[in-house]
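Spelled out, the chains give:
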Amino acid sequence: MIFVGRIVVSQPGAAAVIALRTVLDEVRAGDPLAPVDVIVPTGIAGVTVRRAVAGESGLANVRFSALPQVAERLAARHLALSGHSVSRPLTAAVRNQAVRATVANADGTLARAATHRGTLSLLDGLMAELDELLLDPASVNRGTLSPNGLEVLDLFTAYRSRVGHLVAPGQMLARAIEAIDAGNAPQTHVVLYSPSRLTAAEMVFLRGLHDRDRLSAVLTGVPNDTTGWLHETSGEVPVEAIQP
């Protein structure tokens, strides 16, 4: 494995676990109680990885969570202190329920087609993408849209009326960086472990953490496949990987 700053490229499996333990020891600098948040692909993966990394010596004050939960933790105090009336996150489950309720009360080609699971899943994904873009339906020029586009906009408008009291994932990521800049975020270091697909907003969030010296990472897989990650996350061009 290699180190590029605090970015580690490792083979998956046992080598990645060793790399993560090494990064944890490095960023904690001898303080066994220094707070660290490890971003894992899923909650189940977090349980498995924690057990593997902790071993017999154990771990204290290290949390293993999915990325949205880490962002929410960083942003929570800032949202409260800055007087935001909206502080609860818009989760995937809540979004799915809102999309179902929206299409159930709509009348149109897409809404009728959404009785099929595949179409409903596509609409759910589309609402998530528009949320990520922080699209304001009122700002869209309806005259430029096709009939299908108008129906999508109307569905999105109705959907947002149901979830407008919640913080969309992209907004929560931005609030987390604001919290760090305002000094309202917990004093924790974030370690990205073996990431899966991330959205553009999540990439911006990770770059923000790196720029503020809050991010380390353990990337797994074939080194060529992770070169882009290293470049996008750290802004550095990695050297050729050395097999462990």
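Counting from 1, residues in each chain are numbered in the order their sequence is written. Residue-level local features of this predicted model are given only where pLDDT is at least 70; pairs of side-chain atoms are given and counted only at 80 or more, and the full residue set underlies all totals for whole chains, interfaces and linings. In computing side-chain values, all of the structure's heavy atoms are included and hydrogens and water are not.

A. Looking closely at the pattern of salt bridges. Only one rule defines a salt bridge in this text: a Lys or Arg side-chain nitrogen within 4 Å of an Asp or Glu carboxyl oxygen. This model, assessed by the stated rule, comprises nine salt bridges. The partner of Asp37 in a salt bridge is Arg63, with the nearest N and O atoms 3.1 Å apart. Taken together, the positions of Asp37 in strand S3 (residues 36–39) and Arg63 in strand S4 (residues 62–65) put the pair 26 residues apart, joining distant regions of the chain. The partner of Asp131 in a salt bridge is Arg160, with the nearest N and O atoms 2.9 Å apart. Here Asp131, found in helix H6 (residues 117–132), pairs with Arg160, found in helix H7 (residues 147–163); they are 29 residues apart in sequence, far enough to count as distant. In terms of burial, Asp131 and Arg160 fall into one category: buried. Sharing partners across several salt bridges, the network here consists of Asp37, Arg63 and Arg73. Strands are runs of DSSP state E lasting at least two residues, helices are runs of H or I lasting at least four, and both sets are numbered from the N terminus onward. A simple rule labels every residue: compare its accessible area, found with a 1.4 Å probe on the protein chains alone, to the largest value its type can have, and call it buried under 20%, exposed over 50%, or partly exposed in between.

B. Seen up close, the packing of aromatic side chains. Each Phe, Tyr or Trp ring (for Trp, its six-membered ring) is paired with any other whose centre lies within 6.5 Å, and the angle between the two planes then decides the class: stacked below 30 degrees, edge-to-face above 60, tilted in between. Applying the stated criterion to the full structure yields one aromatic pair. Relative to Tyr159, the ring of Phe156 lies with its centre 5.9 Å away and its plane at 35 degrees, an arrangement referred to as tilted. A residue pair is termed a helical-turn pair when its members lie 3 or 4 positions apart in one helix, as Phe156 and Tyr159 do in helix H7 at three residues. Tyr159 shares its class with Phe156; the two are buried.

C. The arrangement of helix H8 (residues 169–182) in detail. Here H8 spans 20 Å end to end across 14 residues, near enough to the 20 Å set by a 1.5 Å rise per residue. Restricting attention to buried positions, one finds in H8 the residues Gly170, Met172, Leu173, Ala176, Ile177, Ala179 and Ile180. Working rule for contacts: check all heavy atoms of both residues, and any pair within 4.5 Å makes them a contact. Structurally, H8 contributes buried residues whose contacts are with helix H3 (67–81) and helix H9 (200–211). Once H8 finishes, Gly183 follows within two positions and takes phi at roughly 75 degrees, a positive value. To estimate how far a helix should reach, multiply one less than its number of residues by 1.5 Å.

D. View of H7. Look at H7: 25 Å from first C-alpha to last across 17 residues, which is about the 24 Å you get at 1.5 Å a residue. Three or more residues of H7 are buried, namely Glu151, Val152, Leu153, Leu155, Phe156, Tyr159, Arg160 and Val163. The secondary structure elements touched by the buried residues of H7 are helix H4 (92–104), helix H5 (109–113) and H6.

E. Spatial organisation of unusual backbone geometry. Even without being a glycine, Leu134 presents a positive backbone phi close to 55 degrees. Along the chain, Leu134 turns up in the loop between H6 and H7. The phi angle at Ser194 is positive, at roughly 45 degrees, despite the residue not being glycine. Among the secondary structure elements, Ser194 is positioned in the loop between strand S5 (189–193) and H9.

F. Quick look at the nonpolar core. As used here, the term nonpolar core means buried Ala, Val, Leu, Ile, Met, Phe, Trp, Tyr and Cys residues forming a set that is joined through side-chain atoms within 4.5 Å. With 26 residues, the main nonpolar core has Ile39, Leu67, Leu74, Phe205, Leu206 and Leu209 as its most contacted residues. At the level of secondary structure, the elements contributing two or more residues to this core comprise H3, H8, S5, H9 and strand S6 (215–220). Ile39 has contacts with Ser65, Ala66, Leu67, Val70, Val190, Val191, Leu192, Tyr193 and Leu206, leaving out every residue within four places of it along the chain. Counting residues in each nonpolar core, the second largest holds 20 residues, with Val40, Ala54, Phe64 and Val218 among its members.

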